[in-house]
Amino acid sequence: MDALVLCFCLALGLMHTTEEKVLRRGRVPPHIVFVMVDDQGYNDIGYHGSEIHTPVLDQLAGEGVKLENYYVQPICSPTRSQLMTGRYQIHTGLQHSIIRARQPLCLPPDIPTLPERLRQAGYSTHMVGKWHLGFCRPECLPTSRGFQSFLGSLTGSGDHFSFQSCDGTEACGFDLHDGNRPAWELKTAIICEPNTRTPLFLYVALQAVHTPLQAPGHLLRRYQTLGNRPRRHYAAMVSGVDESVGEIVSELRERGYYNKSVLIYSSDNGGQPLSGGCNWPLRGGKGSYWEGGVRAVGFVHSPLLKRKGVVSQALIHISDWYPTLLSLAEDRDSDSSHLDGQDVWGAISSGLPCPRTEILFNIDPVSRRHGEVDPRLLNVNGFGIWDTGVRAAIRAGDWKLLTGNVGDGDWFPPQTMPGGPQQWQGMEKRRDQRGKSVWLFNVTADPYERADLAEARPEVVKVLLARLAEYNRTAVPPRNPPDDPMADPQLHGGVWTPWLGQEEAGDEGVDEEPDNTNRKARSKSTCRVCKLRALFKKVGTRMQRAALFL
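None of the values given here were measured: they were computed from a predicted structure.

Cut-off values and rules
Residues numbered from 1 in each chain as written. Predicted model: local features only at pLDDT ≥ 70, side-chain atom pairs only at ≥ 80, totals over all residues. Heavy atoms only, no water. Helix = DSSP H or I, 4+ residues; strand = E, 2+ residues; numbered from the N terminus. Buried < 20%, exposed > 50% of the residue type's maximum accessible area, 1.4 Å probe, protein only. Contact = heavy atoms within 4.5 Å. Areas by Shrake-Rupley, 256 points an atom, 1.4 Å probe, with all protein chains shown as cover. Pairing = 2+ DSSP bridges. Axes fitted to C-alpha atoms, helices over the stretch in contact; angles between N-to-C directions. Disulfide = S-S within 2.5 Å. Polar contact = N/O pair within 3.5 Å; in protein donor to acceptor, adjacent residues only side chain to side chain. Arc of directions from axis to C-beta. Core = buried A, V, L, I, M, F, W, Y, C linked by side-chain atoms within 4.5 Å. Salt bridge = Lys/Arg side-chain N within 4 Å of Asp/Glu carboxyl O. Parallel < 35°, antiparallel > 145°, perpendicular 65-115°, else oblique. Nonpolar A, V, L, I, M, F, W, Y, C, P; charged D, E, K, R; others polar.

Explain the overall build of the protein to me, using residue names and the numbers behind them.
Each helix and strand counted, the protein has 15 helices and 18 strands in total. Looking at the protein as a whole, 58% of its 550 residues qualify as buried. Residue pairs at least 24 apart in sequence account for 75% of intrachain contacts in the protein once pairs closer than 6 positions are excluded. Total accessible area on the protein is roughly 22,300 Å²; 53% of this is exposed by carbon and sulfur atoms.

Spelled out as structure tokens, the structure:
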């Protein structure tokens with residue numbers, strides 16, 4: 001965690017090129033630093049009343065604009081995909097789940113990413129941290145999708161200190177990369193000559209506070225009085241994030257970037273209560289479409305804000321950053337009609353009316369078997385408009401509608417945290433999910449989703465079901481391929497790395513052999529061996545699993 005954050009100054013030092021487009025424009029647009037935190041709960045920041053100490057974040061948010069009607073997706077990859085593309089996941093084929101480490105899947109190559117567009121606008125683009133948007137082919141890597149430099153992890157989680165990452169129990173490997181090569185020794189050169197004329201886009205995607213729950217001793221000692229061990233470690237990790245963001249801001253000040261910078265802070269989804277997170281008083285958590293899973297911690301801090309020290313209730317979604325940041329970069333060359341995001345800078349900075357009035361959280365057709373339709377859920381619950389067995393969620397104005405299996409709807413009060421899960425007897429249980437497939441809430445009047453109004457307001461349900469049906473007509477088929485055994489790091493020098501198209505790439509970044517000619521000559525023969533090894537390992541794993549049930 002700390003190693004990656006400290007290396008962010010790499011990006012500050014790499015801006016040695018002067019872009020012609022910036023010079024032609026006559027003035028430098030703002031530097032943009034986007035900090036994304038992994039699995040931080042709504043109640044896991046000081047200014048929301050948490051017992052976790054976050055003085056740096058509290059101050060930055062207090063001097064900027066707190067976003068208190070801000071939404072993301074309930075899990076990692078969908079949130080990150082919408083930040084990078086400005087499009088809902090129904091329009092990228094990522095409706096169903098995260099992108100798993102062994103899955104031959106990544107962001108669609110034909111959709112321009114935010115860093116690609118910013119580079120075209122003259123920005124220097126750099127990333128530190130967690131990618132989690134697929135890496136099956138070299139062209140899926142961050143450095144192939146618009147970032148000039150990348151130091152971080154490709155998978156969804158891993159050890160914060162050793163950088164070992166496992167997908168299940170049978171596939172583990174090293175996951176720290178410098179560009180397209182494994183960063184075994186973190187030998188990245190850091191150039192300390194700043195070039196503030198070239199605008200910077202720095203994406204700091206922290207893996208903290210995602211499991212495994214690991215923190216240095218000096219942070220753990222701050223929370224010795226917390227009786228719940230997961231909560232204690234989680235709190236220490238949040239404090240580590242707080243310190244790291246403070247270091248970033250200090251570097252921006254020292255290097256002369258701060259006065260022309262915009263800092264955006266965002267969690268990627270709700271906290272996981274069973275892993276120390278807390279979303280109270282919101283309902284649900286990570287993986288669910290209840291408010292605790294999708295309403296995020298977020299704020300903007302910048303000397304360029306026209307109003308500061310305020311709380312914004314503007315309806316904002318993670319996909320909005322794409323057009324908003326392009327607008328700040330003065331990149332208005334392309335048609336934005338294909339985007340699902342809206343430019344919300346006027347609402348944030350000046351308090352202007354927000355252009356967004358509606359958010360489609362998701363429509364997941366893979367949440368039920370293909371071709372399966374329950375006539376009762378379609379014709380009775382769904383008024384003949386929508387099969388309410390499909391997992392979906394939408395918000396329009398004050399109203400939020402959910403259908404299908406939208407995840408755990410419990411509330412997790414913070415006072416239940418000491419003692420561990422076996423002693424959480426006072427935890428509030430959901431009372432309205434058995435046998436139900438549609439819920440309606442006025443989340444402005446009832447942000448805690450305690451009063452289901454689906455039966456009382458059927459006319460609102462019908463309108464929102466119709467909106468789901470309209471969105472569904474624009475959806476692309478979900479891309480959800482099975483895992484590929486060839487992705488196993490043990491077939492690639494113990495490293496998580498692209499495994500498709502490597503014959504052409506010569507296994508670059510894994511094989512340390514200096515002779516490129518010999519390396520390429522060996523690639524086809526070793527590939528055949530790898531396939532056999534993968535097959536044997538897959539069969540062996542299945543036999544081991546079967547033996548457990550004999």
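Please set out the sheet that holds strand β18 (residues 438-442) residue by residue, giving values where relevant.
Taking strand neighbours across the sheet as the criterion, the 4 strands line up as β15-β16-β17-β18 in an open arrangement whose pairing is antiparallel. Each edge of the sheet is formed by a strand with only one pairing partner; in this case those strands are β15 (358-364) and β18. When strand polarity is set aside, the average angle formed by the axes of neighbouring strands in this sheet is 10°. Pairing geometry for strand β16 (residues 391-396) and strand β17 (residues 399-403), over 5 bridges, is antiparallel. Looking across to β17, one finds that Ile-394 is bridged to Leu-401.

Provide a residue-level description of unusual backbone geometry, including the pertinent values.
Note the cis peptide between Ala-208 and Val-209, where omega equals 15°. Following the sequence through the fold, Val-209 ends up in the loop between β10 (200-205) and α7 (217-220). Geometrically, the link from Trp-280 to Pro-281 is a cis peptide bond, its omega value of 10° lying close to zero. Among the structural elements, Pro-281 can be located in the loop between β11 (261-267) and α9 (291-294).

Pulling in residues and values, what's your account of the state of the cysteines?
Applying the stated criterion across every chain yields a total of 2 disulfides. Covalent S-S linkage joins Cys-106 and Cys-140, the inter-sulfur distance amounting to 2.2 Å. Here the S-S torsion is close to -45°, and the disulfide linking Cys-106 with Cys-140 is therefore left-handed. Of this pair, Cys-106 sits in the loop between α5 (76-85) and α6 (114-120) while Cys-140 sits in the loop between β4 (124-130) and β5 (149-153), placing them 34 residues apart in sequence. Here Cys-106 and Cys-140 have matching classes, each one buried. One disulfide in the model links Cys-166 with Cys-172; its S-S distance is 1.9 Å. Across the disulfide from Cys-166 to Cys-172, rotation about the S-S bond amounts to roughly 110°, and the bridge is consequently right-handed. Here the cysteine-cysteine linkages of the protein are recorded as 1-2, 3-4, numbering only bonded cysteines and doing so in sequence order.

How would you summarise the environment of Asp-387 if you had to cite specific residues and measurements?
If you trace the backbone, Asp-387 turns up in the loop between α12 (375-381) and β16. In this structure, the C-alpha to C-alpha distance between Asp-387 and Ala-469, residues 82 residues apart in sequence, is 9.4 Å. Those residues in contact with Asp-387, other than ones at most four positions away along the chain, are Arg-368, Glu-372, Val-373, Asp-374, Leu-377 and Leu-378. At a separation of 3.0 Å, a polar atom in the side chain of Asp-387 contacts the main-chain amide nitrogen of Gly-389.

Requested: an account of the pairing of β17, with residues and values cited.
Here is the key point about a regular strand: its side chains alternate between the two faces of the sheet. The buried fraction of β17 is high, at 5 of 5 residues. With burial as the criterion, each face of β17 is covered, one bearing Trp-399, Leu-401 and Thr-403 and the other bearing Lys-400 and Leu-402. The antiparallel pairing of β16 with β17 creates a hairpin that spans 2 residues between the two strands, and Gly-397 there sits at a positive phi of about 60°. Pairing of β17 with β18 involves 5 bridges; the strand directions are antiparallel. Residue pairing in the sheet places Thr-403 in a bridge with Val-438 of β18.

Can you tell me about helix α4 (residues 55-62), naming the residues and giving the values?
The complete set of buried residues in α4 reads Leu-57, Leu-60 and Ala-61. The arc enclosing the buried residues of α4, seen along the axis, measures out at 95°, which places them on a common side. Elements in contact with the buried residues of α4: β2 (65-67), α8 (229-254), β11 and β12 (298-301).

Could you give me a rundown of the sheet that holds β4, with the residues and numbers involved?
Reading across the sheet, the 10 strands line up as β9-β8-β5-β4-β10-β1-β11-β12-β2-β13 and stay open at both edges, with mixed pairing between neighbours. Edge positions in the sheet fall to β9 (181-182) and β13 (310-312), since each of these pairs with one other strand and no more. Packing of α4 onto the sheet brings it into contact with β2, β11 and β12, and relative to β12 it is tilted by some 65°.

Tell me about the nonpolar core, and please be specific about residues and values.
Counting 57 residues, the largest nonpolar core has Phe-34, Phe-201, Tyr-203 and Trp-321 as its most contacted members. Listed by contribution, the elements that provide at least two residues to this core are β1 (31-37), β2, α5, α6, β10, β11, α10 (321-328) and α11 (345-350). Here this core gets 5 residues from one element, more than from any other, and that element is α10. Here Phe-34 is in contact with Leu-83, Phe-201, Leu-202, Tyr-203, Val-204, Ile-264, Ser-266, Ile-318, Trp-321 and Leu-325, once residues within four sequence places are set aside. Membership of the second largest hydrophobic core comes to 38 residues, among which are Val-33, Tyr-223, Leu-226 and Ala-236.

Quick one: what's the story with the pattern of salt bridges, residue by residue and with numbers?
A full pass over the atoms with the stated rule returns 22 salt bridges. For Asp-39, the salt bridge goes to Lys-286, with nearest N and O atoms at 2.9 Å. In this pair, Asp-39 is assigned in the loop between β1 and α4 and Lys-286 in the loop between β11 and α9, connecting sequence segments 247 residues apart. Judged by its relative accessible area of 24%, Lys-286 falls in the partly exposed class. A salt bridge links Glu-358 to Arg-467, with the shortest nitrogen-to-oxygen separation between them at 2.6 Å. Of the two residues, Glu-358 sits in strand β15 while Arg-467 sits in helix α13 (residues 458-472), which places them 109 residues apart along the sequence.

So what's going on with the packing of α4 against α8? Which residues, and what values?
Where α4 contacts α8, the axes come no closer than 7 Å and their chain directions differ by 55°. Classified by the interaxial angle, the pair formed by α4 and α8 is oblique. Contacts from Pro-55, Val-56, Leu-57 and Leu-60 of α4 reach α8 at Asp-242, Val-245, Gly-246 and Val-249. Class assignment of the residues belonging to the contact of α4 with α8 gives a composition of 6 nonpolar, 1 polar and 1 charged.

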